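# A structural walkthrough
Take a look at the letters that make up each chain.
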Amino acid sequence: MESKEYKLLEKLYFERIGGTDKELEACHIIQDELKQLGLESYIEDFDVVTNHVSKVSLEVLKPYQKTYEATAYMGCVNTQGLVGELCYFESDNAVSKKQVCGKIALVNGYLGMKTFKAITEAKAVGFITYNGNIDREENDLDPRELRESLQEFGNLPGVNIRVEDAMEMVAKGASEVRIVVEQTIEKVSSHNLICDITKESEDMIVCTAHYDSVPHSKGAYDNATGSVCLYGLAKELKDKKLAHNLRLIWCGSEERGLLGSKAYVAAHQEEMENIKLCVNVDMIGSIMGRRIAVCTSDMSLVHYMDYFGKIKGFPIEVSQGVYSSDSTPFADNGVPAVSFARITSPGTGEIHSRYDVMEHLSESMLLQDTSFICEFVSEMANSFVIPIPKEIPDNMKEEIDKYYGRDLKKKEEEDKKA
Ligand SMILES: [Zn+2]
């Protein structure tokens, strides 16, 4: 058995970084498939940045000399040679914050907003992060980005290195390092692909899935599977009579900070009143795992989804919460949202690395997931009145604010005033 869905998954199986030609190629592949279904679609561009790095290095100067391969943080300030004492910034605690003042911080793994805020507040002068897993034979060195949301707290020169190198530096007591970053930033385009299945009424349901991937990953599971699910919805629902508008949006640059869905809601503010629901699909079809539906909505949708799974005999854990994906910008603009995923069980598949591969996926799981999501979308799109209250409850608003780091930013503003 090889379904059209699975064939499309195979076609999308390549690195598709937001803002690159490869991402656009993936966009065109999906658009061609829609055309073969007899469906028109259109592309909306939005700006993202890219960098051209002319120099980047990390050297340990004391107590031993060694140069480690490093990538520059896109968007960080340039330095022709920042020499400083190294401080292993283990966590955001008072002792580490005092120790890191005037030094270059080596932080644990990924640079989150909270950590970046801590090191800038503590007056660190530069930073080093790492990626990978020490037990892997080989770790790809990821390029990283100092996102605009982080730059609001400040800007420092920063580089990313491999986990084995970070461990060596700590084990050998690296105490003085030099960072060089020279890059220029350029604006390029990323793309959302939009397809209207029906235009029947004022009310609209949007279905979203991102089709970009991170560097070094062919993004089979994250999120060619969701992209294929949307294609499955198009195939299944295109000839059905639906009561409400149904729009499918394949979002670009999700992995770079939900940029596609943020651009969509910014460019379509006038639609927000009419969009009654966002159904987002991010990572399904894994061989092993558990199905989840995360509802950024009031509890009535949570209960409904739970009943729906039980009625259909589809095992799914339903919860109220914020899912880190393209559903969130919609919810942040007052649109109730539900994100579907099949989360891999421990050790059976990972994301955001070269190990996100087809071999961990199952055609039948992918089709089962797609079919369940399709039944739900079809039920909503055919409702006499879309039954979901058009409101985001306060507890969800709070969680969305936390997700965007607005609580941290608010605190910073208050601190500045004080
Ligand atoms: Zn994803």
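Residues numbered from 1 in each chain as written. Predicted model: local features only at pLDDT ≥ 70, side-chain atom pairs only at ≥ 80, totals over all residues. Heavy atoms only, no water.

## A few points about the side chain of Arg 247
The following threshold applies: Starting at the N terminus, helices and strands are each numbered in turn, a helix being any DSSP run of H or I of at least four residues and a strand any DSSP run of E of at least two. Classification of residues uses two cut-offs on accessible area relative to the type maximum, computed with a 1.4 Å probe and protein chains only: under 20% is buried, over 50% is exposed, and between them is partly exposed. Nitrogen and oxygen atoms within 3.5 Å of one another constitute a polar contact, given that in protein one can donate a hydrogen and the other can accept it, and given that sequence-neighbouring residues count only through two side-chain atoms. What makes two residues a contact is simply this: any of their non-hydrogen atoms within 4.5 Å.
Within the secondary structure, Arg 247 sits in strand 11 (residues 245-251). For Arg 247, a relative accessible area of 7% corresponds to the buried category. Of note is the side chain of Arg 247, whose polar atom sits 3.0 Å from the side chain of Glu 271. Those residues in contact with Arg 247 that lie beyond four places of it in its chain are Tyr 42, Ile 194, Cys 195, Asp 196, Met 204, Ile 205, Val 206, Cys 207, Tyr 264, His 268 and Glu 271.

## Considering the packing of aromatic side chains
Spelled out, the test is: For Phe, Tyr and Trp, where Trp contributes only its six-membered ring, two rings pair if their centres lie within 6.5 Å, and the inter-plane angle classes them as stacked under 30 degrees, edge-to-face over 60, or tilted in between.
Counted according to the given criterion, the structure contains 11 aromatic pairs. Taking 5.7 Å as the distance between ring centres and 20° as the angle between the ring planes, the aromatic pair formed by Tyr 304 and Phe 308 counts as stacked. With a gap of four residues between them, Tyr 304 and Phe 308 both fall in helix 9 (residues 299-312), about one helical turn apart. You can call Tyr 304 partly exposed: its relative accessible area is 28%.

## Remarks on the packing of helix 1 (residues 4-11) against helix 7 (residues 220-237)
We apply this condition: Fitted lines through C-alpha atoms give the axes, limited to the stretch in contact for helices. The angle between two N-to-C directions lies from 0 to 180 degrees. Orientation labels follow simple angle bins: below 35 degrees gives roughly parallel, above 145 gives roughly antiparallel, 65 to 115 gives roughly perpendicular, and whatever is left gives oblique. Note on convention: the crossing is left-handed when the near helix lies turned anticlockwise from the far helix by less than a right angle, right-handed when the turn is clockwise. Here the nonpolar group is Ala, Val, Leu, Ile, Met, Phe, Trp, Tyr, Cys and Pro; Asp, Glu, Lys and Arg are the charged ones; every other residue, Gly included, is treated as polar.
Axis separation between helix 1 and helix 7 bottoms out at 9 Å; the angle between their running directions is 140°. Judged on the interaxial angle alone, helix 7 and helix 1 are oblique. Two packed elements cross with a definite hand, and for helix 1 against helix 7 that hand is right-handed. Counting all contacts with helix 1, which are made through Lys 4, Glu 5, Leu 8 and Leu 9, the residues of helix 7 involved are Ala 220, Ala 224, Thr 225, Val 228, Tyr 231, Gly 232 and Lys 235. The residue makeup of the contact of helix 1 with helix 7, split by class, is six nonpolar, two polar and three charged.

## Some thoughts on the domain arrangement of the protein chain
The line we're drawing: Segmentation into domains, and thus their bounds, comes from an automatic or database assignment. Buried area counts how much accessible surface, traced with a 1.4 Å probe, disappears from two parts once they are put together, with both parts' losses summed. When a carboxyl oxygen of Asp or Glu lies within 4 Å of a side-chain nitrogen of Lys or Arg, that pair is called a salt bridge.
Each domain of the protein chain was delimited in the assignment, giving domain 1 (4-49 + 188-403) and domain 2 (64-174). Relative to domain 2, the C-alpha centre of domain 1 lies at a distance of 33 Å. The three residues of domain 1 that bury the most area against domain 2 are His 216, Arg 256 and Arg 354, which together make up 50% of that side's buried surface. Across the contact surface, domain 1 and domain 2 share four salt bridges. A salt bridge links Glu 138 to Arg 354; the shortest N-O distance between them is 3.4 Å. Counting every contact that joins domain 1 to domain 2 gives seven residue pairs in polar contact (both at pLDDT 80 or more).

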